[in-house]
Amino acid sequence: MVTKTFPLSPERLQEVVKQFPTPFHIYDEHQIRENIRNLQKAFAWAPEFREHFAVKATPNPRIVEILREEGAGTDCSSLPELLISDAAGVKGEKIMLTSNDTPADEFQAAIRLGAIINLDDISHIEYLEKNAGLPKVLSFRYNPGNLVEGNDIIGKPTEAKYGLTRDQIFEAYKIAIDKGVKRFGLHTMVISSELRTEGFIYTARLMFELAAEIKKRLGITFEFVNLGGGIGIPYRPEQDPVDLEAVGAGIHKLYDEIMVPAGLGNTAIAMESGRAMTGPAGWLVSTVLHEKKTYKDYIGLDSCMANLMRPAMYGAYHHITISGKENEPCDHVYDVTGSLCENNDKFAIDRKLPKIDIGDLLIIHDTGAHGHAMGFNYNGKLWSAEILLREDGSVELIRRAETIDDYFATLRYPGSPLEHTFYNK
Ligand SMILES: *Cc1c(COP(=O)(O)O)cnc(C)c1O
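(A) Structural context of the overall build of the chain. The secondary structure content of the chain amounts to twelve helices and 17 strands. Radius of gyration (C-alpha) of the chain: 23 Å, near the 22 Å computed for a compact globule of 425 residues. For the chain, the proportion of contacts with a sequence separation of at least 24, taken over those separated by at least 6, is 67%. Of the side-chain charges in the chain, 46 are positive and 60 negative, and the distance between the mean point of each set is 2 Å.

Below is the structure:
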């Protein structure tokens, strides 16, 4: 069980909304810091623990900066994410490039920044060498394939486009050694939104055993084993958060059992958690514009799935509360909708909520990761602002809302009907 809270009182939220009109995502700095500290605590036993925050979860340099202050690096999968890391003060090997189908300019930027490069395919060694040169630290992403077929913990790796097969991974390190690479890491990312301790333990065993076997066959050691992201969060109030202490202790035991005897007792543990760092520390705040009663009772917001795609895309549950009505009985049933011309533009279906009035401020919980980040412009919908609630209680605009002129900017070429037309004051 988790209690779903929102860090601003109804009165304070009213003040904030006067300054920054809805809809917006608001992030709680204090909670983000707590989240990463808890993760680090669970792995304090390791010779070194590295969290490379998955930038794609919340690609805002201010958020990355907060995590950097707590000791985190970044995990990037595109050129803009590499540049966001650099701008946020994340430098050199604190940055890890884990992309797939990677273009040359991304590899070049990673080399220029001194980032660790994690290759998704054996053919990328040559591509990387030819287009950017080889990095100081090279890592490969492992796809365990059939070895774990049918295991519901990590899904079906044979259907995943990511990573190298077991045979390829030995060959890849051999090629890298022959090309003169001296420093290595090992990576996988096979779980997503996992809440069960066993999921993480399973991944760790797989990776530690593989690291030990590579060492035995090829004689190399690893500077880190990266267990990927995938730490889930309790989106539903009846779910429990991941027991990070148990995960850390379970992985510690395996480390002592497998890594230490293999001569890999100096290897750092790395992770690329995104969701668990920022997800529960973000909320989408919207104003109720309409109530429509037809075959069902619809609440229409000033936001839509362009602001938060997860419910429509995955059928994902996001908890909803109404500011100021937290303690009222949930004795009404609503579909909570956005304005997109798509019938799946619903944040909730048949949701029990308190009686909602037009003008209410509706809070959608756990939107801090893969929320604003997954936005889009379909139907001419504009990206919302992002706001940071500082530890001292003040609020800071960390991304302004997109304007109509931003939206039209790419249409303003010479001779375009929009070339000389501007709409914003
Ligand atoms: C998405 C992703 C992550 C982060 O996943 P979370 O579920 O947000 O923790 C980490 N590593 C890679 C390679 C990813 O694609």
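Alright, that's what it looks like, and here's the rest.
(B) Region of interest: the site of the ligand. For the ligand, the set of nearby residues contains 13 residues, the closest of which are Lys-56, Gly-230, Glu-272, Arg-275 and His-370. For the ligand, a nitrogen atom lies 3.2 Å from a polar atom in the side chain of Asp-75. Contacts to the ligand include Arg-275, whose backbone N or O atom sits 2.8 Å from an oxygen atom. Within the complex, 89% of the 390 Å² of free accessible area of the ligand lies under protein. Within the shell around the ligand, the residues separate by chemical class into two nonpolar, six polar and five charged.

(C) Fine view of helix α5 (residues 104–113). Of the residues making up α5, those classed as buried are Ala-104, Glu-106, Phe-107, Ala-109, Ala-110 and Leu-113. Buried positions along α5 lie against α4 (79–87), β4 (95–98), β5 (116–119) and α6 (124–131).

(D) Highlighting the environment of Lys-381. Following the sequence through the fold, Lys-381 ends up in the loop between β15 (361–364) and β16 (385–389). Distance in space between the C-alpha atoms of Lys-381 and Tyr-407 is 9.0 Å, their sequence separation being 26 residues. The contact partners of Lys-381, leaving out residues within four places of it in the chain, are Cys-304, Ala-306, Ser-339, Leu-340, Phe-376 and Glu-402. A distance of 2.9 Å separates the side chain of Lys-381 from the side chain of Ser-339, its partner in a polar contact.

(E) Expanded view of the nonpolar core. Counting residues in hydrophobic clusters, the biggest one holds 79 residues, and the most contacted among them are Phe-140, Ile-169 and Phe-208. Residue contributions to this core peak at nine residues, all from helix α8 (residues 197–218). When residues of this core are assigned to domains, at least three map to each of domain 1 (29–279) and domain 2 (280–408). Setting aside residues up to four positions removed in sequence, Phe-140 forms contacts with Asn-118, Leu-119, Ile-125, Leu-164, Ile-169, Ala-172, Tyr-173, Ala-176, Gly-185, Leu-186 and His-187. In terms of nonpolar packing, the next biggest core, distinct from the first, is built from 16 residues, Phe-24, Val-285, Leu-361 and Ile-363 among them.

(F) Expanded view of the pattern of salt bridges. This structure, assessed with the given rule, holds 31 salt bridges. Among the salt bridges present, the one from Glu-396 reaches Arg-62, with a minimum N-O distance of 2.8 Å. Placement of Glu-396 in strand β17 (residues 395–399) and of Arg-62 in helix α3 (residues 61–69) is noted, with a sequence separation of 334 residues between them. For Glu-396, a relative accessible area of 23% puts it in the partly exposed group.

(G) Representation of the pairing of β17. Alignment of β16 against β17, held across four bridges, turns out to be antiparallel. Of the residues in β17, the one forming a bridge with Ile-387 is Leu-397. The turn joining β16 and β17, which pair antiparallel and follow one another in sequence, is formed by five residues; a positive phi near 95° is taken by Gly-393.

(H) Molecular detail of the pairing of strand β7 (residues 183–187). The element β7 is extensively covered by neighbouring structure, given that four of its five residues are classed as buried. For strand β6 (residues 137–141) and β7, the ladder comprises five bridges, and the chain directions are parallel. When the bridges of β7 are listed, Phe-140 appears paired with Leu-186. Where β7 lies against strand β8 (residues 224–226), three bridges are found, and the strand directions are parallel. Within β8, the residue paired with His-187 across the bridge is Asn-226. Crossover connection from β7 via α8 to parallel β8: handedness right-handed.

(I) Looking closely at the packing of α8 against helix α9 (residues 244–259). At a closest axis distance of 9 Å, the pairing of α8 and α9 adopts a crossing angle of 20°. Relative to α9, the element α8 lies roughly parallel. Note on packing geometry: the crossing formed by α8 with α9 is right-handed. Within the contact between the two elements, α8 uses Thr-197, Phe-200, Ile-201, Ala-204, Arg-205, Phe-208, Glu-209, Ala-211 and Ala-212 and α9 uses Ala-246, Val-247, Gly-250, Ile-251, Leu-254, Tyr-255, Glu-257, Ile-258 and Met-259.

(J) Broad picture of the sheet that holds β6. In space, the eight strands of this closed barrel follow the order β2-β3-β4-β5-β6-β7-β8-β9, with parallel pairing throughout. Sheet twist, expressed as the average angle between the axes of neighbouring strands with direction ignored, equals 25°. In terms of strand pairing, strand β2 (residues 49–54) meets strand β9 (residues 268–271) through three bridges, oriented parallel. Within the sheet, the bridge partner assigned to Glu-51 lies in β9 and is Met-271.

Calculation rules
Residues numbered from 1 in each chain as written. Predicted model: local features only at pLDDT ≥ 70, side-chain atom pairs only at ≥ 80, totals over all residues. Heavy atoms only, no water. Helix = DSSP H or I, 4+ residues; strand = E, 2+ residues; numbered from the N terminus. Rg over C-alpha atoms; globule rule 2.2 N^0.38 Å. Contact = heavy atoms within 4.5 Å. Lys, Arg positive; Asp, Glu negative; His and termini not counted. Charge placed at Lys NZ, Arg CZ, Asp CG, Glu CD. Near = heavy atom within 4 Å. Polar contact = N/O pair within 3.5 Å; in protein donor to acceptor, adjacent residues only side chain to side chain. Areas by Shrake-Rupley, 256 points an atom, 1.4 Å probe, with all protein chains shown as cover. Nonpolar A, V, L, I, M, F, W, Y, C, P; charged D, E, K, R; others polar. Buried < 20%, exposed > 50% of the residue type's maximum accessible area, 1.4 Å probe, protein only. Core = buried A, V, L, I, M, F, W, Y, C linked by side-chain atoms within 4.5 Å. Domains from an automatic or database assignment. Salt bridge = Lys/Arg side-chain N within 4 Å of Asp/Glu carboxyl O. Pairing = 2+ DSSP bridges. Right-handed = clockwise from strand over helix to strand, strands pointing away. Axes fitted to C-alpha atoms, helices over the stretch in contact; angles between N-to-C directions. Parallel < 35°, antiparallel > 145°, perpendicular 65-115°, else oblique. Left-handed = near helix turned anticlockwise from the far one by under 90°.

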